[in-house]
Amino acid sequence: MPDESEETQDADETKESEKEEKKKEKKEKKKKDKEKAKQDKKKEKQDKEKGKDDETKTDQNTISRGKAVTFLIATEFCERLYFHGIRVILFIYLSSELSFSKNVGTRIFHGFLGVAYSTPIIGAIISDSWLGKFRTILYIYVVYISGNILMTIGSAPNKLIVMRVVSLVGLFITSIGSGCTKPCSSAFGGDQFIKGQEKMRLHFFSAFYFATKCGNLIGTIITPFLKGDVNCFNKSGCFPLAFIVITLINIFGMFMFFMGSTFYIKRRPEGSIIISVLQCIYYALHTKATHEGKPKLHWLDYAEDRFDKKLIRDIKCFIRLLFLYVPLPIFWALFLQKGSRWVYQGTKMNTEVKSYFINPEHMQLLNPLLVILMIPLFDWVIYPLLKKRGICETPLQRMTVGGLLCALSFMIAAGVEIEIGRGMPELPMESQSRMHVINNSPCHLQMKSPIVSNLTAFGQITLDVLKAQVTTWRFIPGECVATSSQEIPVNASETFLVMMVTIVEDELKIIHSNDSHLKLINGYPRMRLLFSIDYEFVESENASFLFRGEQSLYLFPDKMERPGTIGMTEYCALEPGIYEVFLPVNGTHYEDEPLGKLKLSSGGSYSVFIFQRDLLNVSTMHNMETISPNTLHLFWQVPQYIVLTAGEVMFTVTGLEFSYSQAPVSLKSVVQALWLLCNALGNVLIILLNFITFTYDSTEFFMYAALMIFSMFSFALLGCCYRYVRYEEKE
């Protein structure tokens with residue numbers, strides 16, 4: 001049995017050894033804690049240094065992204081300014097400069113828009129499948145600019161056939177360039193941002209859209225001003241200047257895009273979803289046609305053996321939207337005519353506002369301005385009120401009402417057209433010709449044939465005579481130095497004719513010419529001069545009459561036989577306004593004081609007759625309106641623009657949101673391309689319907705309104721059968 005003292009000693013030794021081990025453990029723990037603290041400090045120091053490097057890299061990346069998107073936004077602004085700048089004056093250019101009729105001009109105008117809105121699909125396929133966004137934009141931009149330059153060259157005065165060919169080729173190239181770059185620009189801007197820069201990307205798209213609208217607005221303002229308020233090549237207006245300015249702006253935009261090349265993130269093409277969709281549809285149809293087994297529930301299910309089921313499901317949703325879109329091109333067929341037929345309607349209206357004349361093209365400014373006002377008005381006021389009453393709660397209902405408002409705007413336009421028609425001159429019967437007889441002398445004249453009538457000094461009369469018959473016109477002077485009568489045979493072969501009776505060296509002189517009664521498509525007044533003056537025009541001296549107003553017009557009597565002191569000029573177009581008329585002293589100088597003043601109003605046609613004989617101490621000027629100027633004011637178009645814009649907000653803004661929300665994630669870009677395609681088809685529809693001829697423009701407007709109502713009725717029926725789709729947030 002062990003001794004108790006030994007056991008106690010062993011226990012003490014065990015306790016001491018345990019204490020020593022604990023001390024060692026504490027020392028080792030302190031040592032480890034010190035080492036860990038050192039490592040933590042070292043790591044913290046490294047993290048701080050790394051954080052500084054990351055912040056530096058982030059700042060550098062932010063600066064680089066900022067520079068990249070600045071170049072892209074500047075490019076978009078310049079491109080949209082050119083596109084909308086040329087669009088706003090294109091119809092007037094085609095009609096007045098290239099001498100196309102209103103129907104042909106309408107077809108070309110909407111053909112240009114149709115190509116511009118159908119080629120984005122081509123640009124998207126090229127970008128996604130082969131070249132990538134950067135090279136696609138750059139290469140097509142070069143083509144785009146070449147079209148702009150051709151348009152500018154074609155607008156310079158030349159032979160009509162040369163101007164037409166060069167301008168139309170340039171217009172076609174321009175439409176392709178604009179359309180193909182359209183889908184790449186915004187997408188390329190989105191590519192410039194990496195993960196974690198979502199807020200920056202959101203700000204970019206806001207700025208990008210703002211630049212688009214600014215380019216639209218400024219282009220719509222400056223090009224009609226450059227075209228109408230500046231004169232060049234001795235002509236009223238200056239289309240070449242307008243084209244040169246906006247072309248240089250677009251060239252600057254391309255230069256800005258190229259300068260930003262070093263800052264861009266350029267992603268490689270990854271394949272186009274559009275091609276995959278087309279391949280899947282083609283394969284499904286081909287397999288269904290050759291399949292001999294049990295039929296499947298849906299024809300797209302025949303592509304399950306080759307294509308992903310999710311893609312097939314998405315295409316089914318896409319096709320449901322496709323059927324819903326069938327009636328929609330009619331809306332664009334109406335809406336886009338604000339740039340063609342509504343502009344033409346404006347040229348037949350009075351554009352004067354306190355001695356200033358508005359360009360009819362400027363009325364298109366109402367649309368973007370009203371859109372800016374109406375979008376918040378509808379979102380915050382009108383839609384909530386309608387929702388309380390259970391009206392227009394769904395997107396499809398709002399789109400239907402928007403389409404009906406568009407139809408209403410065309411009914412208003414038809415009413416305006418009827419009022420314009422009441423001011424148009426009446427035509428003579430088909431078997432008759434209309435003769436304007438002007439007494440450009442201080443004598444009283446008695447007309448003995450073909451009818452008996454009296455003409456006071458500097459008076460005029462209008463007569464209808466049998467067409468295609470030779471009649472003798474005989475005049476007997478009274479109360480003047482001339483004593484002998486004068487007669488002349490006239491073959492009334494044309495619908496309108498003009499005759500001037502004047503006095504030269506105590507004898508009556510009679511001259512006559514064909515006349516025309518028409519209003520110019522650009523809305524300018526037209527004027528011809530009939531004169532009997534002391535100055536003798538000779539072949540060796542290039543003298544002219546001077547009309548001085550907002551512009552200066554030198555009117556040369558080139559159609560008369562020289563030498564001579566009496567004659568008539570051809571019709572010429574001038575801007576509306578007040579002009580002073582100066583007689584020539586020689587080939588380069590004019591009399592110090594004007595012979596008189598002349599006011600020319602929009603749409604009017606004037607015969608101005610001048611008599612100046614120093615021996616008789618008579619110097620005077622008179623004018624006769626052969627066609628009355630426009631009476632209905634341009635501001636009567638405002639109601640139709642208001643109603644059309646309200647329809648646009650309800651139709652297009654809602655339609656874009658509906659298309660985006662109902663499109664599968666993988667096919668959202670395809671659905672947006674489909675929306676643009678509806679726009680292109682609307683232009684094609686205008687071209688096709690334009691081949692139908694109408695006696696009155698108001699009838700054509702009523703026809704479009706009826707088509708729109710029928711289209712919206714069909715759309716409402718399709719909408720009743722449509723079931724809204726809700727996609728999961730994770731998609």
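Residues numbered from 1 in each chain as written. Predicted model: local features only at pLDDT ≥ 70, side-chain atom pairs only at ≥ 80, totals over all residues. Heavy atoms only, no water.

(A) Spotlight on the pairing of strand β10 (residues 507-514). When strand β9 (residues 496-504) meets β10, the two strands line up antiparallel, connected through 8 bridges. Looking across to β10, one finds that T502 is bridged to K509. Connecting β9 to the next strand, β10, in antiparallel fashion are 2 residues, including E505 with a positive phi near 50°. (Pairing = 2+ DSSP bridges. Helix = DSSP H or I, 4+ residues; strand = E, 2+ residues; numbered from the N terminus.)

(B) Quick peek at the packing of aromatic side chains. Following the criterion strictly, the structure yields 38 aromatic pairs and no others. Ring geometry for F188 against Y264: centres 5.2 Å apart, planes inclined by 80°, an arrangement best described as edge-to-face. Taken together, the positions of F188 in helix α5 (residues 160-190) and Y264 in the loop between α7 (239-259) and α8 (273-290) put the pair 76 residues apart, joining distant regions of the chain. Y264 shares its class with F188; the two are buried. With a centroid separation of 6.1 Å and 55° between ring planes, the pair formed by F410 and Y704 is classed as tilted. In this pair, F410 is assigned in helix α13 (residues 395-422) and Y704 in helix α16 (residues 697-720), connecting sequence segments 294 residues apart. You can call F410 buried: its relative accessible area is 0%. According to the relative accessible area criterion, Y704 is buried, its value standing at 1%. Members of the aromatic cluster, joined through ring pairs, are Y325, F331, W332, F335, F651 and W675. Its guanidinium or amino end placed over the ring of F100, R164 lies 4.2 Å from that ring's centre, counting from NZ or CZ. (Phe/Tyr/Trp six-rings, centres within 6.5 Å; stacked < 30°, edge-to-face > 60°. Buried < 20%, exposed > 50% of the residue type's maximum accessible area, 1.4 Å probe, protein only. Lys NZ or Arg CZ within 6 Å of the ring centre and 35° of its normal.)

(C) Structural view of unusual backbone geometry. In this structure, P450 follows S449 across a cis peptide bond, with omega equal to 5°. Assignment of secondary structure puts P450 in the loop between β4 (444-449) and β5 (453-455). Even without being a glycine, F458 presents a positive backbone phi close to 55°. Unlike most non-glycine residues, D506 shows phi in positive territory, near 70°. One can find D506 in the loop between β9 and β10.

(D) α16, seen in detail. The terminal C-alpha atoms of α16, which comprises 24 residues, lie 35 Å apart, in line with the 34 Å expected from a rise of 1.5 Å per residue. Restricting attention to buried positions, one finds in α16 the residues D697, S698, E700, F701, M703, Y704, A705, M708, S711, M712, F715 and G719. (Expected span 1.5 Å × (residues − 1).)

(E) The arrangement of empty space enclosed by the protein in detail. Taken as a whole, this structure holds 2 cavities of 30 Å³ or more when the rule is applied. As for the largest cavity, its lining consists of 11 residues, of which E97, K235, G237, F239 and P240 are closest to the centre. When the residues that make up the lining of the largest cavity are grouped by side-chain class, the tally is 6 nonpolar, 3 polar and 2 charged. Estimates place the volume of the second largest cavity at around 50 Å³. If you go around the second largest cavity, the residues you meet are L72, T75, E76, I137, S185, F208 and F257. Per element, the largest residue contribution to the lining of the second largest cavity is 3 residues, and it comes from helix α1 (residues 4-97). Partitioning the lining of the second largest cavity into residue classes produces 4 nonpolar, 2 polar and 1 charged. (1 Å grid on protein atoms, 1.4 Å probe; cavity = no way out; pocket = protein on both sides within 12 Å on 5 of 7 lines; lining within 4 Å. Points joined across faces, edges and corners; volume = space filled by probe spheres on them. Nonpolar A, V, L, I, M, F, W, Y, C, P; charged D, E, K, R; others polar.)

(F) Region of the structure containing the environment of M527. Mapping M527 onto the fold places it in strand β11 (residues 526-537). Relative accessible area serves as the criterion here: at 0%, M527 is assigned to the buried category. Separated by 427 residues in the primary sequence, M527 and F100 have C-alpha atoms spaced 21 Å apart. Once residues lying within four places of it in the same chain are set aside, the contact partners of M527 are F547, L555, E570, Y571, C572, L574, L598, Y606 and V608. (Contact = heavy atoms within 4.5 Å.)

(G) Quick look at the state of the cysteines. All told, the structure shown has 1 disulfide when counted by the stated rule. Put simply, C443 and C480 are joined by a disulfide, and their sulfur atoms are 2.2 Å apart. What sets the handedness of the C443 and C480 disulfide is the S-S torsion sign, and at about 100° it is right-handed. In this pair, C443 sits in the loop between β3 (432-440) and β4 while C480 sits in the loop between β7 (470-478) and β8 (486-491), placing the two residues 37 residues apart along the sequence. With a relative accessible area of 24%, C480 lands in the partly exposed category. The closest cysteine sulfur to the non-disulfide-bonded C78 is located on C214, 12 Å from its own sulfur. (Disulfide = S-S within 2.5 Å.)

(H) Molecular detail of the environment of A482. Mapped onto the elements of the fold, A482 is located in the loop between β7 and β8. When the C-alpha positions of A482 and K599 are compared, they lie 32 Å apart, and in sequence the two are 117 residues distant. If sequence neighbours within four positions are ignored, A482 has contacts with P477, I503, D506, E507 and L508.

(I) Looking closely at the sheet that holds β5. Taken together, the 4 strands give an open sheet; going across it, the order is β5-β4-β7-β8, and neighbouring strands pair in antiparallel fashion. On the outer flanks of this sheet lie β5 and β8, each paired with one strand and no other. For this sheet the average axis-to-axis angle between neighbouring strands, irrespective of direction, equals 25°. Of the strand pairs in this sheet, β4 and β7 are connected by 5 bridges, and their pairing is antiparallel. The partner of L445 across the bridge, within β7, is P477. (Axes fitted to C-alpha atoms, helices over the stretch in contact; angles between N-to-C directions.)

(J) Summary view of a negative patch on the surface. Together, E591, D592, E593 and D614 line one region of the surface with negative charge. Considering the arrangement of structural elements, one finds D614 in the loop between β18 (605-613) and β19 (618-627). According to the relative accessible area criterion, D614 is exposed, its value standing at 60%. (Patch = residues over 30% accessible without salt bridge, like charges linked within 9 Å, V, L, I, M, F, W, Y side chains within 5 Å. Areas by Shrake-Rupley, 256 points an atom, 1.4 Å probe, with all protein chains shown as cover. Salt bridge = Lys/Arg side-chain N within 4 Å of Asp/Glu carboxyl O. Lys, Arg positive; Asp, Glu negative; His and termini not counted. Charge placed at Lys NZ, Arg CZ, Asp CG, Glu CD.)

(K) The arrangement of the sheet that holds β3 in detail. The 4 strands lie next to each other as β6-β3-β9-β10, forming an open sheet whose pairing is mixed. At either end of the open sheet lies a strand with only one pairing partner, and these are β6 (460-466) and β10. Pairwise comparison of adjacent strand axes, ignoring direction, gives a mean angle of 25° for this sheet.

(L) Focus on the pairing of β9. Within β9, 9 of the 9 residues are buried, which leaves it mostly tucked inside the rest of the structure. Of the two faces of β9, the one lined by F496, V498, M500, T502 and V504 and the one lined by L497, M499, V501 and I503 are each fully buried.

(M) Summary view of the environment of F496. Mapped onto the elements of the fold, F496 is located in strand β9. Exposure remark for F496: the relative accessible area of 8% places this residue in the buried category. Sequence separation between F496 and L634 is 138 residues, and the spatial gap between their C-alpha atoms is 29 Å. The residues contacting F496, other than those within four sequence positions of it, are L427, P428, R434, N514, D515, S516 and H517.

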